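Working through the structure, step by step
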Amino acid sequence: MMIDPPIDKLIKKAPCRYALVCGVAKRARELETEVNKEYLEASGKKSIQLAAEEVYNDKISIVVGEKK
């Protein structure tokens, strides 16, 4: 079974594993909202997979220490 995106390369996109997990989970929750529901459904993927792909493809970045 292959994991896409590869976890060893995905880890390099964040300062630490904890930040990666928190960032991907936060983005996945954002994708589940009504605003992004159509985008998620159009992709045909689960929210966590789409969030991980966005981090891997540098569509979103994980920053530690900043509040928005």
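The model shown is predicted, which means the values in this text are computed figures rather than measured ones.

**Comments concerning the overall build of the protein**
- A count of helical and extended segments in the protein gives four helices and zero strands.
- The linear arrangement of helices and strands in the protein, starting from the amino end, is α-α-α-α.
- Scaling as 2.2 N^0.38, a compact globule of 68 residues should have a C-alpha radius of gyration of about 11 Å, and the protein matches this with 12 Å.
- For the protein, the C-alpha atoms occupy an extent of roughly 35 × 30 × 15 Å along the three principal directions.
- Of the contacts made within the protein by residues no fewer than 6 positions apart, 48% connect residues no fewer than 24 positions apart.

**Focus: the nonpolar core**
- Judged by nonpolar contacts, the single largest core of 13 residues is most densely connected at Leu10, Leu20, Val24, Ala51, Val55 and Ile62.
- The element that contributes the greatest number of residues to this core is helix α2 (residues 17-31), accounting for five residues.

**Quick look at the environment of Lys13**
- For Lys13, the location among the structural elements is in the loop between α1 (7-10) and α2.
- For Lys13, a relative accessible area of 30% gives the class partly exposed.
- Separated by 42 residues in sequence, Lys13 and Val55 have C-alpha atoms that sit 7.0 Å apart.
- A distance of 3.2 Å separates the side chain of Lys13 from the side chain of Asp58, its partner in a polar contact.

**Focus on the side chain of Arg27**
- Of note, Arg27 is situated in helix α2.
- Engagement of the side chain of Arg27 in a polar contact is seen with the side chain of Glu54, the distance being 2.6 Å.
- Excluding residues that lie within four positions of it along the chain, Arg27 makes contacts with Asn36, Tyr39, Ala51, Glu54 and Ile60.

**Thoughts on the environment of Ala28**
- Its location among the elements puts Ala28 in helix α2.
- In sequence terms Ala28 and Lys46 are 18 residues apart; their C-alpha atoms lie 8.6 Å from each other.
- The residues contacting Ala28, other than those within four sequence positions of it, are Ser47, Ile48 and Ala51.

How each quantity is defined
- Within every chain, residues take consecutive numbers counted from 1 along the sequence as written.
- Side-chain atom pairs in this predicted model are given and counted only at pLDDT of 80 or more, local residue features only at pLDDT of at least 70, and totals for whole chains, interfaces and linings cover all residues.
- As a rule here, side-chain values cover all heavy atoms of the structure and leave hydrogens and water aside.
- Here a strand is any run of E in DSSP of at least two residues, a helix any run of H or I of at least four, and the numbering for each starts at the N terminus.
- Atoms considered for the radius of gyration are the C-alpha atoms alone. The globule rule reads 2.2 Å times the number of residues to the power 0.38.
- We call two residues in contact when some of their heavy atoms are within 4.5 Å.
- Among buried residues, those of type Ala, Val, Leu, Ile, Met, Phe, Trp, Tyr and Cys that are joined through side-chain atoms within 4.5 Å constitute a nonpolar core.
- Throughout this description, buried means an accessible area under 20% of the type-specific maximum (1.4 Å probe, protein chains only), exposed means over 50%, and partly exposed covers the range between.
- Contacts described as polar in this section are N or O atom pairs within 3.5 Å, which, within protein, must combine one atom able to donate a hydrogen with one able to accept it, while residues neighboring in sequence count only if both atoms come from side chains.

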